[in-house]
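What follows is each chain in one-letter form.
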Amino acid sequence: MDSKQWQKVKELFSATLDLPANERNVFLEKAEENLRAEVEKLLANYQDAEEFINEPAVVEFGFDDKRSNGSFTGKKIDDYLILEEIGSGGMGAVYLAEQQGENLSHRVALKLIKRGMDTASVLKRFVMERQILANLEHPNIARFLDGGTTEDGLPYFVMEYVEGLPIKKYCDAHDLDTKARLELFRKVCAAVSFAHQNLIVHRDLKPSNILVTDAGEPKLLDFGIAKLLHPDWSLEETEATATMFRVMTPEYASPEQLRGLPVTTASDVYSLGVVLYELLTGARPFKIESRSPEQIALIVLTEEPVKPSDFGFRTSERGFKKKSEVTDKNQNLKTNESHKIRNPKSEIRNLKGDLDNIILKALRKESERRYQSVQEFSEDLRRHLEGLPVTATADTVSYRISKFVKRHRAGVFAAGLIALTLIGATAVTTWQARRANQERDKAEQRFRQVRKLANLVVFEYHDGIEKLAGSTAIREKMVKDALEYLDNLSAESGTDADLQRELAAAYQKVGDVQGSPYQANLGNSKGALESYKKALAIREKLHSDSKENAQVKLDLIQSYSAVGELSQVTGNLPEAFENYRKAFAVFDTLNETTESKRALAVLFRHHAKALVLNGKLAEAMENFKKSINVSNELIAADPNDASFKRNLGLANIYFGDALVASGDLKGALAAEREAYNMLSSLISPNDAQSRREANNAYSRIARVLGRMGDKKGALETALKSLSIDEELLKADPSNSLARRDAAIGYYKVAQAFSAVGDVQAAVANFRKAIELCETEIAANPLRTEMRGDLVAYLYWLGESLEKTKEMMEALESYKKMMAIQQFLADEDPTNALQRGNLAVGLTKVSNMSLKYGSKTEALEGFQKALAIREELVAANPENATGRGQLAFIYKGLGDYFASLGKSGNRVEGWREAKNWYQKSLDVWTDLQQKGTLETDDAAEPVELKQKLQKCETALARL
């Protein structure tokens, strides 16, 4: 079958495929018999094929069916005798074949689908590749010769067989200099540009796909994963081009290919940049030691390529040498008969300047900053070869003059002598004025450069790696560098409002990296607060100068919210509430927009968390509901905005916490599950923050399950959550937030083990949590949240040690806990959560003192705890957890007086004991009736009734 006949088959197949199945036979009856037979084979194979098996090994590295190796060797397919297999790719195999016919015998390359890959989607992809090749007639692209189907119905096509070497091997074998390599490379660019003009993107350009014949002509091969951009192809057909298959060579793939984004002609520009880099340096732009696609992608997406001229010097014997390996200039370069080594100085001179800039422009990570076409890329190379200015270098007067001088040295020299004579006459009188102007221009230029660099570091570079696991350390370096620039700019910025806005935004980001409470950070809360307040001061000044500017108001609200949130987690609730109050006041002056509603949802959430700490649970829950409602409104208006969904998920996490405190465990479980479902839908492979937030919701599900009595489910969920915490910490060990998450994970697993009776496992995990927590507190003493965490860990460690009969060690753990609680309560008397924790610690230590120590010490502790807890309950009666803690204090006082009844003032002791036991029972009974009694506390009413009976019996005897 020749190419014209195949074109007819292809057109008839496409037209038939678009028809409903019941109309295809009628349509084909009108076609020529030989064409109809070919189309029927294609249709039968297309309809019988099953869905493609979703195996990463097939997608990423190709299918290797050993049973098919060589299975076609020696067989004939139509007029082609298969001689041997010469190549194997992801979907097909390529064979060296010989076309046999009357007075005709020549070698060709025949490609067909491998056994096991003849599925509907791959067949469609294969048919498309035939169309791509049939449309490409160019001297530097391997020609399409023929096409057809095997007896089994597998499509095949026949291409020109190219005998040659991959372009890099050819250049090295022929010892081509830089100029010759560039000229050869421009021919490749011409072929790729031709494909682009035909609306085809190659998508897999690499040296092995570019063969150079003995005549020195490059031939572009393998359009196996090319993408058609023709508007006549429907969306469904475009998808058949295998964009869903990540078939690529990662080392040469563009950043957008590695991210799975839409691919354009700019992707081929990037791949050609890698090829040219390798041709001129002997190495690729990035140092890649792993073959893991994920590791390659991480390096390509986060690192910057080394300048070609900074890499080293090429030799015909060893490829490229690093600068440190190049022979010293005072030593003789070694030579021998078979290998001639070039002069390194001439080599590096060829790469420095224009070629550095040209190649690095082609390798830009942002596609819009690369050459907009391969033709433009090639044109810059031509201009470089001819000594003309190139677009990759700043188009300055001095640059153009330097290029002109290189092209016209003699004329310029003569003209220069005349010009010097004329200029000399006026130089003395104008020198001082020009010198002053030059210094002023230099200062302004330097200011612009520093400003641009600061913005690149803080915004583009930082934002590009912010979500990657393991990026906190490099972000720390960025922060230190950026702070130096920003502090200098701040002193020189004057009244430039735009620069002031940039400075404020930069300080805000710096603060996030230093110590944002709920993002990957360095654990430097003090530094973060300083940076946030610098941003706030700038924004308050901007707001006073421009009170009607909506963006200035939104920025100011962001600063108030950030300072407020960091203040609350570092134990300064009054400052937190003051900043939230100011933020709400600015909101009152704003018109309602999508951005203002987004910011309002975040502010409601932050304010609600502060209200929980302040003991105002009912008010906090109202704020959480407002945050949820605003987020739901935004999602309804724009369901595709991930930030709206994230805000809703986070609001539900903390709303679930508040529901637990109120005793509504069913509501809490529903809220946490909704949060997890929402946040897990936002997880992306390279976004550690999205994984962390979803895992936070998941770990809370474990906590609620445990409180509801599902101990096994709680343990399984907690262990899964901990494994994610450990994985994230391992990937980013300098991340303070990851260390805290891991500590909380150990704590929750320990609680779950304790609940199922494995006390030893509980103790071990509590100790791990304590160790991580104490290390973090030592590094960042301002984080009162971490001290609060440590209080909980010490409490539950003591509980577990009591179960193992290690009473003195348990008492020591409780006393350490209480010392921290007292410190935190003294630091911020308005923090109801810390004061409540102190009451819990006092109760626990008093109970232990009553059993193993001083009764007097126990009574003092119970009385202090009672005064704190009664005040908190009076201010917040709907807090079921707080009321339960009050019941424990009542029971502890009952135990104290019962001990007196047994030994001293017997009648008075038993009467007081009875009174306190009854008060405790009344609280538990009320909680039970309201449905807010937790499973772990279900035994308390039973135990209290037994204690009351003992009191009655003792009093009756007396």
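Refer to the preceding data block for the structure.
From a predicted model like this one, the values you see are computed outputs, not experimental measurements.

About the criteria used
Residues numbered from 1 in each chain as written. Predicted model: local features only at pLDDT ≥ 70, side-chain atom pairs only at ≥ 80, totals over all residues. Heavy atoms only, no water. Helix = DSSP H or I, 4+ residues; strand = E, 2+ residues; numbered from the N terminus. Buried < 20%, exposed > 50% of the residue type's maximum accessible area, 1.4 Å probe, protein only. Contact = heavy atoms within 4.5 Å. Pairing = 2+ DSSP bridges. Axes fitted to C-alpha atoms, helices over the stretch in contact; angles between N-to-C directions. Expected span 1.5 Å × (residues − 1). Phe/Tyr/Trp six-rings, centres within 6.5 Å; stacked < 30°, edge-to-face > 60°. Parallel < 35°, antiparallel > 145°, perpendicular 65-115°, else oblique. Left-handed = near helix turned anticlockwise from the far one by under 90°. Nonpolar A, V, L, I, M, F, W, Y, C, P; charged D, E, K, R; others polar.

It is worth spelling out the side chain of Lys891 at this point. Residue position: Lys891 is located in helix 35 (residues 880-903). Given the relative accessible area of 12%, Lys891 is considered buried. If sequence neighbours within four positions are ignored, Lys891 has contacts with Tyr917, Ser920, Glu940, Glu943, Leu944 and Lys947.

As summarised here, the arrangement of the three strands in space is 7-9-10, forming an open sheet in which the pairing is antiparallel. Since the sheet does not close on itself, it has two edges, and those belong to strand 7 (165-166) and strand 10 (218-220), each with one partner. Of the strand pairs in this sheet, strand 7 and strand 9 (residues 210-212) are connected by two bridges, and their pairing is antiparallel. Bridge assignment links Pro166 to a residue of strand 9, and that residue is Leu211. Lying on the sheet, helix 7 (residues 178-197) is in contact with strand 9 and strand 10; it crosses strand 10 at an angle near 30°.

Given a rise of 1.5 Å per residue, 20 residues ought to cover 28 Å, and the 29 Å separating the end C-alpha atoms of helix 31 (residues 784-803) matches this to within 8%. Counting buried residues along helix 31, 17 of its 20 residues qualify, which places the element largely inside the surrounding structure. Residue Lys805 follows helix 31 closely and has a positive phi angle near 70°.

As a further point, take the packing of aromatic side chains. Overall, the coordinates contain 15 aromatic pairs when judged by the stated rule. Centre to centre, the rings of Tyr747 and Phe766 are 6.2 Å apart; their planes meet at 45°, and the pair counts as tilted. Note that Tyr747 is positioned in helix 29 (residues 736-755) and Phe766 in helix 30 (residues 759-779), a separation of 19 residues in sequence. The exposure class of Tyr747 is buried, given its relative accessible area of 14%.

This part is about the packing of helix 22 (residues 573-587) against helix 23 (residues 594-613). Helix 23 packs onto helix 22 with a crossing angle of 155° between their chain directions and a minimal axis gap of 10 Å. Here helix 22 lies roughly antiparallel to helix 23, going by the angle between them. Classified by chirality, the crossing of helix 23 by helix 22 is left-handed. For the pair helix 22 and helix 23, the contacting residues are Leu573, Phe577, Tyr580, Ala583, Phe584 and Phe587 in the first and Ser596, Ala599, Leu600, Leu603, Phe604, His606, His607, Ala610, Leu611 and Leu613 in the second. Residues that form the contact of helix 22 with helix 23 fall into these classes: 13 nonpolar, three polar and no charged.

Mapping Glu674 onto the fold places it in helix 26 (residues 665-680). Taking the C-alpha atoms as reference, Glu674 lies 8.8 Å from Ala697; in sequence the two are 23 residues apart.

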